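Listed here are the chains, written in short residue letters.
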Amino acid sequence: MPIRFKCPNPKCQKVLSAKDQQAGKKVTCPACKQVLTIPGASSGPAPAPKAPAGAGTTTDASTATTNGAPADADELAMSLLADEPGAPASVGRAAPVEQPKTLTATCPYCDEQVQFDVALAGKQAPCPNPECRRIFKVPPLTKQEKVDWRKTASGLPSGARRPTEPVPEGAWGSTQKSYVSKEALEEAEALPSQQQDPLTLSQWAVRIMLAGASVGLVVAGVLFVLHRMSSKKKEKLFDKAMAAVSKDGTLKGEETAVVHYAAGIYHLRRNEKDCVKPDKGEAGAWNQFGIARVRLNTSTKDNLECLAMLIELALAQVDLGGNQDQVSEGKRLTWPEVRKEVGVTLGAIPDADARTEGLRRVTRKLIEKGQAGLAEQLAEQLSNGPGAFAVVGLEFLRAGEDERVKKLLKQITDQIVAARPKKNMPLPPPLKVTPDLVTFLEFHDRGKELPKAIKPEEMDIDQVGQAAARAWKKEPAKARAEALKARTAALKLEALIAAADAPGDEGETKATVEQAIALAETGFGGQGAPGWAILRLVPIGLRAGVEENRLLALAGKIGVKDPLKDRLKGWAQLPVVRARLERESGKAEESLADQVAKGTLANRLMRVELARHNARKDSGTDKAIEEWDESLRPFGYIGLALGLQEAD
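Residues numbered from 1 in each chain as written. Predicted model: local features only at pLDDT ≥ 70, side-chain atom pairs only at ≥ 80, totals over all residues. Heavy atoms only, no water.

**Comments concerning the overall build of the protein chain**
Rules: Strands here mean DSSP runs of E at least two residues long; helices mean DSSP runs of H or I at least four residues long; both are numbered from the N terminus. Here the term buried applies to any residue with accessible area under 20% of the maximum for its type, exposed to any over 50%, and partly exposed to those in between, with areas from a 1.4 Å probe on protein chains only. Contacts between residues were defined by any pair of non-hydrogen atoms, one from each residue, lying within 4.5 Å. All accessible areas in this document rest on Shrake-Rupley with a 1.4 Å probe, and a residue is counted as covered only by the protein chains that are shown.
A tally of helices and strands in the protein chain yields 24 helices and ten strands. In the protein chain, buried positions account for 39% of the 648 residues. Sequence-distant contacts in the protein chain: of pairs separated by 6 or more residues, those separated by 24 or more amount to 58%. Summed over its atoms, the accessible surface of the protein chain is roughly 37100 Å², and 53% of this surface lies on carbon and sulfur atoms.

Written as structure tokens, this is what we have:
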């Protein structure tokens with residue numbers, strides 16, 4: 001029979017029960033967890049009941065049988081673990097569940113609770129309500145399962161453990177994994193601290209820099225790959241352009257100068273060691289500009305276009321100069337070397353009007369680059385009289401270079417004095433007077449220093465210079481009146497253009513420009529307007545805000561009956577089309593280049609600039625260039641190379 005005893009812990013005194021065969025063993029009290037020894041049985045084991053004949057018997061209570069049938073395992077467990085002696089085996093175990101014979105459901109049509117025989121569970125059946133009788137599916141019968149004694153709450157022995165309860169701490173032989181409690185680990189200080197101190201500003205800065213560096217590396221990698229691809233593409237295009245101007249190339253004569261000119265800009269923009277003047281080969285900006293000058297110089301006799309292209313070349317050569325560091329790295333030339341190169345290029349222009357216009361434009365660019373002194377030296381290099389110094393002096397006057405203006409004024413007056421005949425001395429070369437010289441001296445009220453004009457051509461020069469001087473003195477109305485006193489339409493136009501080019505009120509300047517344009521449109525009949533005058537007037541008109549189509553029409557007035565002068569039309573149209581291209585925010589149409597007279601060097605130069613612009617705006621420009629006429633593709637190739645270079 002079971003051994004009944006109390007926990008020896010005076011604070012517990014829990015009544016416990018154990019089997020006879022457990023006597024003398026040490027166990028843990030399930031209530032207070034104190035280790036105790038199970039006492040021996042108070043009497044010997046009760047005799048086993050005599051089994052009927054033929055029935056098997058056993059001394060193990062866990063396998064006892066009654067009347068030859070095996071005992072219920074749950075009932076046997078309850079009887080062995082029951083807290084109360086003699087508790088029936090059914091205590092703590094639910095009675096057998098009797099299955100219902102009917103089930104109740106709610107009709108979804110009449111909303112009445114009705115009953116069905118369990119045989120109809122889960123089947124279609126008519127509603128028992130005589131007012132409804134609609135057929136619906138009877139809900140399935142909920143299966144009543146046998147209640148496990150381990151899951152019941154009442155009557156469960158105090159020593160029994162439900163499967164959902166944790167294993168008692170320190171118990172052995174459990175199949176459930178055990179873990180050391182978090183509290184115990186914390187008490188032993190075996191857990192790392194989970195609380196982190198807030199990041200300092202320097203730590204945040206380091207993390208941000210690391211994140212930024214990671215992003216930067218990715219971006220740099222992508223850019224490097226794209227740069228490599230772009231570099232190969234532009235080098236291939238550059239080589240195709242240079243192949244066209246080689247000895248066996250498709251381009252010949254002065255047209256090759258446009259490609260060499262653009263190639264010089266390409267090398268200059270590389271901004272690498274020896275990009276200007278390498279020790280060997282024709283690569284480098286200095287070499288390519290020099291080749292362009294040679295090609296133009298051999299064609300200047302009958303082609304006025306070459307003179308205009310030489311001015312473009314001289315302006316590009318100004319960019320050859322740089323500071324001392326750039327010079328030592330082979331990326332630029334010294335400014336004295338630049339002055340020499342530009343002087344040679346302008347000196348190759350035989351036409352006086354064209355050379356004067358070139359000197360004027362180059363001086364403006366040198367002033368912008370802070371090299372005004374170089375312009376003085378350039379004037380001396382080109383000069384065969386004080387006229388070149390006067391051109392430079394007027395540009396110094398425009399830029400506010402007062403000290404340089406005073407210096408040039410003295411230099412000019414000294415040359416005038418030196419040109420006067422002296423007693424008992426050989427006659428000096430005659431002084432060459434130009435409109436710019438008259439204007440410069442008249443502005444400073446030193447016009448009397450010049451010899452008196454006697455011949456008609458001398459009087460014409462004086463008239464043009466006097467009109468322009470009025471404009472420089474802020475007397476635009478008097479300037480226009482004085483200009484119209486000139487003998488011929490060409491002289492009147494020259495005087496009006498010189499007056500319009502003087503700094504002054506924008507409204508007055510535009511009025512002077514409008515009067516000059518009107519004269520050019522009507523004053524020359526079928527002879528055509530003078531080319532270099534119109535080439536100077538168009539940029540002035542652009543600055544004054546004259547309508548562009550009118551300026552393009554004005555360019556068409558050049559050399560109507562003179563094929564040689566007619567080629568200057570494209571150069572008068574070029575500034576207008578350049579201004580339109582500069583305003584284009586996206587890809588420009590090819591028709592824009594056709595606004596410059598076809599077959600001219602100006603048109604070829606415009607195609608270079610069109611391809612250069614579009615290469616920065618549209619990745620498909622190279623395919624469009626392949627559709628150009630074969631004679632035009634080299635200009636597109638070099639333009640594409642320049643555009644891709646600028647896009648890098």
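**Some thoughts on the side chain of Thr512**
Relative to the assigned elements, Thr512 resides in helix α17 (residues 506-522). Excluding its chain neighbours within four sequence positions, the residues that come into contact with Thr512 are Arg480, Leu496, Ala499 and Ala500.

**So, helix α6 (residues 304-317)**
Going by this rule: Each helix should span, by expectation, one fewer than its residue count multiplied by 1.5 Å. Under the rule applied, a polar contact is a pair of N or O atoms within 3.5 Å (in protein, one hydrogen donor and one hydrogen acceptor; residues adjacent in sequence only if both atoms are side-chain atoms).
Along its 14 residues, α6 runs 20 Å from first to last C-alpha, staying within 8% of the 20 Å computed at 1.5 Å per residue. Within α6, 13 of the 14 residues are buried, which leaves it mostly tucked inside the rest of the structure. At the N-terminal end of α6, a side-chain oxygen is found 2.9 Å from the backbone nitrogen of Glu305, two or three residues along, and the residue is Asn303.

**Comments concerning the packing of aromatic side chains**
Two aromatic rings are characterised by how far apart their centres lie and by the angle between their planes. Just so we agree on the cut-off: Pairs were defined over the aromatic rings of Phe, Tyr and Trp, the Trp ring being its six-membered one, requiring ring centres within 6.5 Å. Orientation was assigned from the angle between planes: stacked under 30 degrees, edge-to-face over 60, tilted for the rest.
Applying the stated criterion across every chain, the model contains two aromatic pairs. Ring centres of Phe116 and Phe136 lie 5.8 Å apart, and the angle between their planes is 80°; this geometry places the pair in the edge-to-face category. With Phe116 in strand β8 (residues 113-117) and Phe136 in strand β10 (residues 135-137), the pair connects residues that are 20 residues apart, well separated along the chain. Accessibility assignment for this pair places Phe116 and Phe136 in one class, buried. When the centroid spacing of 4.5 Å and the interplanar angle of 20° are considered together, the rings of Phe238 and Tyr266 count as stacked. Note that Phe238 is positioned in helix α3 (residues 201-244) and Tyr266 in helix α4 (residues 255-270), a separation of 28 residues in sequence. Of the two residues, Phe238 and Tyr266, neither departs from the other in class, the shared state being buried.

**Things to note about unusual backbone geometry**
Residue Asp274 is not a glycine yet carries a positive backbone phi of 65°. Tracing the backbone through its elements, the reader meets Asp274 in the loop between α4 and α5 (285-297). Using a relative accessible area of 28% as the deciding quantity, one classes Asp274 as partly exposed. Of note in the backbone geometry, Asn424 takes a positive phi value of approximately 65° without being a glycine. Examined against the element boundaries, Asn424 turns out to sit in the loop between α12 (402-418) and α13 (435-443).

**Re the packing of α5 against α6**
The line we're drawing: Axes here mean lines fitted to C-alpha atoms, for a helix over just the part in contact, with angles spanning 0 to 180 degrees between N-to-C directions. The scheme is simple: roughly parallel for angles under 35 degrees, roughly antiparallel for over 145, roughly perpendicular for 65 to 115, oblique for anything else. Throughout, a crossing is termed right-handed when the near helix is turned clockwise from the far one, and left-handed when it is turned anticlockwise from it by less than a right angle. Each residue is assigned to one of three groups, with Ala, Val, Leu, Ile, Met, Phe, Trp, Tyr, Cys and Pro labelled nonpolar, Asp, Glu, Lys and Arg labelled charged, and all others, Gly among them, labelled polar.
Where α5 contacts α6, the axes come no closer than 10 Å and their chain directions differ by 165°. In this view, α5 runs roughly antiparallel relative to α6, as classed from their interaxial angle. Along this stretch, α5 crosses α6, giving a crossing that reads as left-handed. Where α5 approaches α6, its residues Phe289, Ala292, Arg293 and Leu296 are matched on the opposing element by Cys306, Met309, Leu310, Leu313, Ala316 and Gln317. Classifying every residue of the contact of α5 with α6 by side-chain character gives eight nonpolar, one polar and one charged.

**Focus: a nonpolar patch on the surface**
We apply this condition: Patch rule: a residue counts if its relative accessible area is over 30% and it has no salt bridge; like charges are joined within 9 Å, and nonpolar side chains (Val, Leu, Ile, Met, Phe, Trp, Tyr) within 5 Å. One speaks of a salt bridge when a side-chain nitrogen belonging to Lys or Arg is within 4 Å of a carboxyl oxygen belonging to Asp or Glu.
Together, Val206, Met209 and Leu210 give the surface a local cluster of nonpolar side chains, amounting to about 310 Å² of exposed area. For Leu210, a relative accessible area of 54% gives the class exposed.

**Quick look at empty space enclosed by the protein**
As a reminder of what qualifies: Think of a 1 Å grid over just the protein atoms. A cavity is a set of points where a 1.4 Å probe fits yet cannot get out, a pocket is an open set with protein on both sides within 12 Å along at least five of seven lines, and lining residues have an atom within 4 Å of a point. Grid points are joined across faces, edges and corners, and a volume is the space filled by probe spheres set on the points.
Within this structure, the stated rule accounts for one cavity of 30 Å³ or more. Only α9 (352-368), α11 (387-399), α13 and α14 (456-472) provide two or more residues apiece to the lining of the largest cavity. Top contributing element to the lining of the largest cavity by residue count: α11, with four residues. Looking at the lining of the largest cavity, its residues break down into six nonpolar, one polar and seven charged.

**Brief notes about α4**
An ideal rise of 1.5 Å per residue puts 22 Å on 16 residues; α4 measures up with 24 Å between its terminal C-alpha atoms. Judged by how many residues are buried, α4 sits mostly within the fold: 14 of 16 residues are covered. Backbone geometry just after α4 places Asn271 at a positive phi near 55°.

**Examining the packing of α6 against helix α22 (residues 601-617)**
At their nearest, the axes of α6 and α22 sit 9 Å apart, and the two run at 35° to each other. Mapping the contact onto sequence places Glu305, Cys306, Met309 and Glu312 in α6 and Leu601, Ala602 and Leu605 in α22. In terms of residue class, the contact of α6 with α22 is made up of five nonpolar, no polar and two charged.

**A few points about the pairing of strand β1 (residues 3-6)**
To be explicit about the condition: Paired strands, as defined in this entry, are two strands with at least two bridges between them according to DSSP.
Residues of β1 alternate between two faces, with Ile3 and Phe5 buried on one and Arg4 and Lys6 left unburied on the opposite face. As defined by bridge partners, β1 adjoins strand β2 (residues 15-18) across four bridges and the pair is classed as antiparallel. Across the sheet, Ile3 pairs through a bridge with Ala18, a residue of β2.

**As for the pattern of salt bridges**
In this structure the tally under the stated criterion is 41 salt bridges. Between Lys369 and Asp319 there is a salt bridge, and its shortest N-O distance comes to 3.2 Å. With Lys369 in the loop between α9 and α10 (372-382) and Asp319 in the loop between α6 and α7 (324-328), this residue pair connects regions lying 50 residues apart in the sequence. Overall, the relative accessible area of 38% leaves Lys369 in the partly exposed class. In this structure, a network of salt bridges that share partners links the residues Arg364, Glu395, Arg398, Asp501, Arg536 and Arg543.

**Regarding the confidence of the model for the protein chain**
Spelled out, the test is: On a scale of 0 to 100, pLDDT captures the predictor's confidence in every residue.
For the protein chain, the average pLDDT comes to 84, and 79% of its residues sit at 70 or higher. Note on residues 43-71: pLDDT is under 50 here. Beyond four places in sequence and across chains, it has 13 contacts. Contacts of residues 76-94 to residues separated by more than four positions or lying in other chains number 34 contacts, the stretch itself having pLDDT below 50.

**Remarks on the nonpolar core**
How we decide: Joining through side-chain atoms within 4.5 Å is the link that ties buried Ala, Val, Leu, Ile, Met, Phe, Trp, Tyr and Cys residues into a set, and such a set is a nonpolar core.
The biggest cluster of nonpolar side chains holds 134 residues, and the ones touching the most others in it are Tyr261, Val362, Ile534 and Trp571. Broken down by element, the residue count for this core peaks at ten residues, all from α6. Core analysis: the second largest hydrophobic core is formed by ten residues, Leu103, Val114, Phe136 and Val138 among them.

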